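# Chains, contacts and geometry: an overview
Chain by chain, the residues:
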Amino acid sequence: MNEERWYYASYSARDENGEELYPDGNYFEADSDEQAIETAKILASEGQDYSDIGHVDLDLISVCRVDPEKEWDEIETIWY
């Protein structure tokens, strides 16, 4: 049985005026660090949609392993 692993991906973005945005990150489960990095890259490539400014492209900043039983505290940064 595989151990449950949770991750958090953080992103950066810019609006149409070039202003830096701080989009919400994503929490997700993956079987391995490698799978987590690939999942985070896919999520970043999809971008995010906002009701006020529309779609923005995302740049992946980092992927961290987190502990859901300790208020999602970061355990280790696996990709930066």
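See the structure shown above.
Our subject in this report is the structure included herewith.

Counting 16 residues, the largest nonpolar core has Tyr7, Ala36, Leu60 and Val63 as the members making the most contacts within it. Residue assignment for this core shows that the elements contributing at least two residues are β1 (5–14), β3 (26–30), α1 (33–46) and β6 (59–67). The residues contacting Tyr7, other than those within four sequence positions of it, are Asn26, Tyr27, Phe28, Ala30, Ser32, Asp33, Ala36, Val63, Cys64, Arg65, Val66 and Ile78.

This part covers the packing of aromatic side chains. Within this structure, the stated rule accounts for four aromatic pairs. Seen in terms of ring centroids, Tyr7 and Phe28 are 6.0 Å apart; in terms of plane orientation they differ by 25°. Their pairing is stacked. Placement of Tyr7 in strand β1 and of Phe28 in strand β3 is noted, with a sequence separation of 21 residues between them. Since its relative accessible area comes to 8%, Phe28 is described here as buried. Grouped by ring-pair contacts, the aromatic residues Trp6, Tyr8, Tyr27 and Trp72 constitute a single cluster.

Once that is clear, we can look at the environment of Gly18. Along the chain, Gly18 turns up in the loop between β1 and β2 (20–21). By relative accessible area, Gly18 is classed as partly exposed at 34%. In sequence terms Gly18 and Leu43 are 25 residues apart; their C-alpha atoms lie 21 Å from each other.

Attention shifts here to unusual backbone geometry. Positive phi, close to 55°, is recorded for Glu71, a residue that is not glycine. Mapped onto the elements of the fold, Glu71 is located in the loop between β6 and β7 (73–79). Of the residues examined, Glu71 reaches a relative accessible area of 73% and is grouped as exposed. Residue Trp72 is not a glycine yet carries a positive backbone phi of 65°. The partly exposed category is assigned to Trp72, whose relative accessible area is 33%.

The rules behind each value
Residues numbered from 1 in each chain as written. Predicted model: local features only at pLDDT ≥ 70, side-chain atom pairs only at ≥ 80, totals over all residues. Heavy atoms only, no water. Core = buried A, V, L, I, M, F, W, Y, C linked by side-chain atoms within 4.5 Å. Buried < 20%, exposed > 50% of the residue type's maximum accessible area, 1.4 Å probe, protein only. Helix = DSSP H or I, 4+ residues; strand = E, 2+ residues; numbered from the N terminus. Contact = heavy atoms within 4.5 Å. Phe/Tyr/Trp six-rings, centres within 6.5 Å; stacked < 30°, edge-to-face > 60°.

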